[in-house]
Amino acid sequence: MSGLIAGLSPAAKLTNEAEARASARASAVSIVLGVIWGGVNLAWMTSPEGAAIMQQAMAASATPETAAMMEGAMGAMIGLMAFFIGLQLIFAGIQWFKPNMIVPILFLLLVVYGLLTSVMGLVMADQMAAMMGPQPQLAPWLTYGSLAVLVIQLMLHISGIRGASALSKFRRDAAA
């Protein structure tokens, strides 16, 4: 257990295969953290408060002709979100049991994209309100919680990449 905790640090020195494996598994821990936060988002979206805010947002951006179509889109969006949460669990299992470089790199790119779009959304909120009128606001805990989770995931995926790289190096050296 202490090897896993030490492996979560992106600056940890990796001196053997066990430490490298623990560090590579940091990416799986990061994905599970994302799954948990996705579950929180999904629960919020299906709560009365979240559903009302989502309905308001869709109504603000919809024309009368597309309002009915937006109702169906909400259900599809919730289903798609649940599908991606399940898919992330599969990737977390792969990274935990067969650590590799591909999963942490893929999720690092997704996390960086999420961070950039979140920060740009916050920076551009006033301009969007000026162009499209006032938009319903998400709960602040949801916005800032997402940013915090993304920063933590960024660190863990960096650690996962370092660990997977060191793990493959240790395995190559052992095979030689």
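Preceding this section is the structure that the text describes.
Residues numbered from 1 in each chain as written. Predicted model: local features only at pLDDT ≥ 70, side-chain atom pairs only at ≥ 80, totals over all residues. Heavy atoms only, no water.

**Student:** Give me the lowdown on the nonpolar core, citing residues and values where you can.
**Tutor:** Residues Trp37, Trp44, Met45, Ile53, Met54, Met74, Ala139, Leu142 and Val149 constitute the largest nonpolar core, which totals 9 residues. Secondary structure elements with two or more residues in this core: α3 (26-46), α4 (48-61) and α8 (140-175). Tallying contributions element by element places α3 first for this core, with 3 residues. With 5 residues, the next largest nonpolar core counts Ala20, Ala166, Leu167 and Phe170 among its residues. (Core = buried A, V, L, I, M, F, W, Y, C linked by side-chain atoms within 4.5 Å. Buried < 20%, exposed > 50% of the residue type's maximum accessible area, 1.4 Å probe, protein only. Helix = DSSP H or I, 4+ residues; strand = E, 2+ residues; numbered from the N terminus.)

**Student:** Please set out a nonpolar patch on the surface residue by residue, giving values where relevant.
**Tutor:** Judged by side-chain polarity, Val119, Met120, Val123, Met124, Met128 and Met131 come together as a nonpolar surface patch covering roughly 560 Å² of accessible area. When residues of the nonpolar patch are traced back to their parent elements, those giving at least two are α6 (102-123) and α7 (125-132). A total of 3 residues in the nonpolar patch trace back to one element, the largest contributor, which is α6. Topologically, Met128 is positioned in helix α7. (Patch = residues over 30% accessible without salt bridge, like charges linked within 9 Å, V, L, I, M, F, W, Y side chains within 5 Å. Areas by Shrake-Rupley, 256 points an atom, 1.4 Å probe, with all protein chains shown as cover. Salt bridge = Lys/Arg side-chain N within 4 Å of Asp/Glu carboxyl O.)

By themselves these figures say nothing about function.
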